[in-house]
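Listed below are the residues making up each chain.
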Protein chains: 2
Amino acid sequence: MERIEPTAVQQVAVIGTGVIGAGWTAHFLRQGLDVVVYDPAPDAEAALRTKIAEVWPIMEQLGLMPEASPDRWRFANHVADAVAAAHFVQENAPERLAVKQTVLAEIDASTPPETVISSSTSGYAMTDMQILCWHHPERTVVSHPFNPPYLIPLVEVVGGKQTEPAVVDWTADFWTAMGKKPLKMTKELPGFIANRLQEAMWREALHMLHSGMATIEEIDAAITTGPGLRWAIMGPMLTFHLAGGAQGMAHMLDHFNPNEFDHWTFLSAPQITEELKSRIVAGCEAEADGRSIQQLEQERDIALVALLKALSHCRETGGA
Amino acid sequence: MERIEPTAVQQVAVIGTGVIGAGWTAHFLRQGLDVVVYDPAPDAEAALRTKIAEVWPIMEQLGLMPEASPDRWRFANHVADAVAAAHFVQENAPERLAVKQTVLAEIDASTPPETVISSSTSGYAMTDMQILCWHHPERTVVSHPFNPPYLIPLVEVVGGKQTEPAVVDWTADFWTAMGKKPLKMTKELPGFIANRLQEAMWREALHMLHSGMATIEEIDAAITTGPGLRWAIMGPMLTFHLAGGAQGMAHMLDHFNPNEFDHWTFLSAPQITEELKSRIVAGCEAEADGRSIQQLEQERDIALVALLKALSHCRETGGA
């Protein structure tokens, strides 16, 4: 049988309904799909019902697909029951390798070969997780979301050694159809991309706490009132491209070379060779895609004003 | 003579009108102040005029103080002329220690002792910068902004060994009156707080580029469509407090202890002792200030929806 088109998926299964699995369920319901879920915890069904009721007003504010309903889900009795008729399965089991391997193997044994089996893992490689999938490991793939998955667009998509490249493409297209921003990776990196960047900041924060340099509240305030506002609009690289004035990143690298500023963090930097420097500058120019520093500044400013106004309105009316 | 009240400041001087100095000038004009500026570059006055004209529509959108005007500034002939009548001086010279020392000394020699002299330095300690201020080093202080200073609220305020603590307090109060969010630091940390956190992420990004793991565009997309959206609303610590479900940070630390996940980044982590763990959890609880995980999730979701809608509207109409 042929695999269904990514845009034609109508029924999905969600295995594991903790913070991430419950979030995926809400997102799929908003998109107008039928969802069958399973979780072995005794209170899982009631907890999921509560969570969906809690976030449904948020789904309504974002806009529902025509067929969307908070009731188009059922709780299955076991994994095989949940996944049997699904076009796509999202696994959200606890973050332990042996658990992931076993649950994926059970899903593999209970689904037709054309069903794509995707894992929410935060850091395991599919190469390691798919080893017990005896039947069709070629349709297993990682789709790493960010909490809450019903609001954050990023999904990192990457296969393992046994995964067919076409399955990675199919999965990325499926997420695009689901309103997400898939980042298709060709290499299995520990922690993928975004978690490595998050983890680096987290480590510096822990070092600062450990040595009494700053409190939790100071660290968080420094981000939310400072660079965090920019990172919602431009990534760290393009942000620095704009910090050097009209000459952009090339000027920045001359002035803030980490080899000279190694005292700004507890963490070590790579040597900035001329070759690496050229790649950084070329990458920023590729991302800028012909836009001058001035144009980028204007775009950034318009977006920052919109964001500051939205957040300020929100704080006045009960948001964060 | 007594120092003027921080809320009564009417005339300020801006020394150095590059990216940061020009940004400060626009901010002070929006706040209804008179600004006298000086920069030794031959084209500085014309460039500043252009920059103010460019960002003034942004200032209007944010809302002007009653007396605000894009014309309430003049270009002085030298440093002494610029600072003579100022209640407050913001120095934005190039980021080289000898230049900072010399410029601050010249300002010190040209202002009455009650005038506060503040530096935009990204990383130097005031202890090192104030050594040539023979007259009144006790009124020199760092006010570290983030680009663009007319939009990003954070200003890190910290004194040097010779700075009076009252001057640090005065400066923080001045920034609050100027609509900013000062973060008053009691210790001089290399890179202050936010730059250390930024620098950590930047280093991991450089390592990833260096080893061919990800491109500039992938790194930036991973942040802006992923964790960057959360960091505009909640800092990295409170974000992780919400990732562990109802048990918050304590649960997170059991599951994502960096000592077990050291393969997620090139950077080293501190040992998470029981004592450090307790401090992290206590800090998150202090910041949550009685709000349950569920309340925090609701606040986050409301803010994320507002932010996603604002950014999406912006992209449709020409913003980033």
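Residues numbered from 1 in each chain as written. Chains lettered and ligands numbered in written order. Predicted model: local features only at pLDDT ≥ 70, side-chain atom pairs only at ≥ 80, totals over all residues. Heavy atoms only, no water.

## Points about the overall build of chain A
Point 1. From N to C terminus, chain A includes 13 helices and 8 strands.
Point 2. Its C-alpha atoms give chain A a radius of gyration of 22 Å, within 12% of the compact-globule value 20 Å for 320 residues.
Point 3. By principal-axis analysis of the C-alpha atoms, chain A measures approximately 60 × 50 × 45 Å.
Point 4. A total of 320 residues make up chain A; the buried ones form 60% of that total.
Point 5. When contacts within chain A are restricted to residue pairs at least 6 apart in sequence, those whose partners lie at least 24 apart make up 70%.
Point 6. Surface exposure of chain A reaches about 11,900 Å², of which carbon and sulfur atoms provide 54%.
Point 7. Taking the average location of the 23 positive side-chain charges in chain A and that of its 40 negative ones, the two points are 1 Å from each other. (Helix = DSSP H or I, 4+ residues; strand = E, 2+ residues; numbered from the N terminus. Rg over C-alpha atoms; globule rule 2.2 N^0.38 Å. Buried < 20%, exposed > 50% of the residue type's maximum accessible area, 1.4 Å probe, protein only. Contact = heavy atoms within 4.5 Å. Areas by Shrake-Rupley, 256 points an atom, 1.4 Å probe, with all protein chains shown as cover. Lys, Arg positive; Asp, Glu negative; His and termini not counted. Charge placed at Lys NZ, Arg CZ, Asp CG, Glu CD.)

## Remarks on the relation of the copies chain A and chain B
Point 1. Relative to chain B, chain A is turned by 180° and slid 0.0 Å along the rotation axis, the superposed coordinates differing by an RMSD of 0.0 Å. Taken together, the rotation angle and the small translation identify this as a two-fold axis.
Point 2. When the interface residues of chain A are mapped onto chain B, 100% of them are again interface residues, pointing to one common binding face. (Least-squares fit on C-alpha atoms with pLDDT ≥ 70 in both.)

## With respect to the pattern of salt bridges
Point 1. In this structure the tally under the stated criterion is 26 salt bridges over all chains.
Point 2. Here Arg74 of chain A makes a salt bridge to Asp81 of chain A, at a shortest N to O gap of 3.1 Å.
Point 3. Where Arg279 of chain B meets Glu275 of chain B, a salt bridge forms, and the shortest distance between an N and an O atom there is 3.1 Å. Here the residue Arg279 of chain B and the residue Glu275 of chain B both occupy positions in helix 12 (residues 274-288), the gap between them amounting to 4 residues, near one helical turn.
Point 4. Residue classification places Arg279 of chain B among the partly exposed positions, given a relative accessible area of 30%.
Point 5. Three or more residues are tied together by salt bridges with common partners; here these are Glu91, Glu95 and Lys100 of chain A. (Salt bridge = Lys/Arg side-chain N within 4 Å of Asp/Glu carboxyl O.)

## Here's the deal with the pairing of strand 2 (residues 34-38) of chain A
All names here are of chain A.
Point 1. Counting buried residues along strand 2, 4 of its 5 residues qualify, which places the element largely inside the surrounding structure.
Point 2. Here strand 1 (residues 11-15) pairs with strand 2 via 5 bridges, running parallel. Opposite Gln11, over in strand 2, you have Asp34 as the bridge partner.
Point 3. Note on the crossover from strand 1 through helix 1 (residues 19-30) to strand 2: the handedness is right-handed.
Point 4. This β-α-β element, strand 2 to helix 2 (residues 44-62) to strand 3 (residues 73-75), shows right-handed connectivity. (Pairing = 2+ DSSP bridges. Right-handed = clockwise from strand over helix to strand, strands pointing away.)

## Remarks on the domain arrangement of chain A
Point 1. Assigned domains within chain A: domain 1 (6-184) and domain 2 (226-316).
Point 2. If you average the C-alpha positions of domain 1 of chain A and of domain 2 of chain A, the two centres end up 34 Å apart. (Domains from an automatic or database assignment.)

## Description of the interface of chain A and chain B
Point 1. In this complex, chain A contributes 120 residues to the contact, which on the side of chain B involves 120 residues.
Point 2. At the boundary of chain A with chain B, the tally comes to 4 salt bridges.
Point 3. Its salt-bridge partner being Glu204 of chain A, residue Arg196 of chain B comes within 2.9 Å of it at the nearest N-O pair.
Point 4. Seen at the junction of chain A and chain B, the total is 27 residue pairs in polar contact (both at pLDDT 80 or more).
Point 5. The element that contributes the greatest number of residues to the side of chain A that touches chain B is helix 13 (residues 293-316) of chain A, accounting for 18 residues.
Point 6. In terms of residue class, the side of chain A that touches chain B is made up of 69 nonpolar, 26 polar and 25 charged. (Polar contact = N/O pair within 3.5 Å; in protein donor to acceptor, adjacent residues only side chain to side chain. Nonpolar A, V, L, I, M, F, W, Y, C, P; charged D, E, K, R; others polar.)

## A closer look at the nonpolar core
Point 1. In this structure, Phe28 of chain A together with Phe28 of chain B are the most contacted members of the largest nonpolar core, which totals 205 residues.
Point 2. What Phe28 of chain B contacts, discounting residues up to four positions off in sequence, is Val12, Val14, Leu33, Val35, Phe88, Gln90, Phe174, Trp175 and Met178 of chain B. (Core = buried A, V, L, I, M, F, W, Y, C linked by side-chain atoms within 4.5 Å.)

## Describing the side chain of Glu287 of chain B
Point 1. Relative to the helices and strands, Glu287 of chain B is located in helix 12.
Point 2. Although Glu287 of chain B lies buried, it forms no salt bridge, and the closest oppositely charged side chain, Arg291 of chain B, sits 6.0 Å away as judged by the N-O distance.
Point 3. Not counting the four nearest positions on each side in its chain, Glu287 of chain B is found in contact with Ile216, Glu217 and Asp220 of chain A together with Leu238 of chain B.

## A word on the UniProt feature "domain: 3-hydroxyacyl-CoA dehydrogenase NAD binding" (unreviewed entry) in chain A
Point 1. Here the UniProt feature "domain: 3-hydroxyacyl-CoA dehydrogenase NAD binding" (unreviewed entry) sits at residues 11-187 of chain A.
Point 2. The distance separating the terminal C-alpha atoms of residues 11-187 of chain A is 29 Å; by composition the span is 38% helix and 20% strand. (UniProt positions renumbered as here; feature names shortened; annotations may be inferred.)

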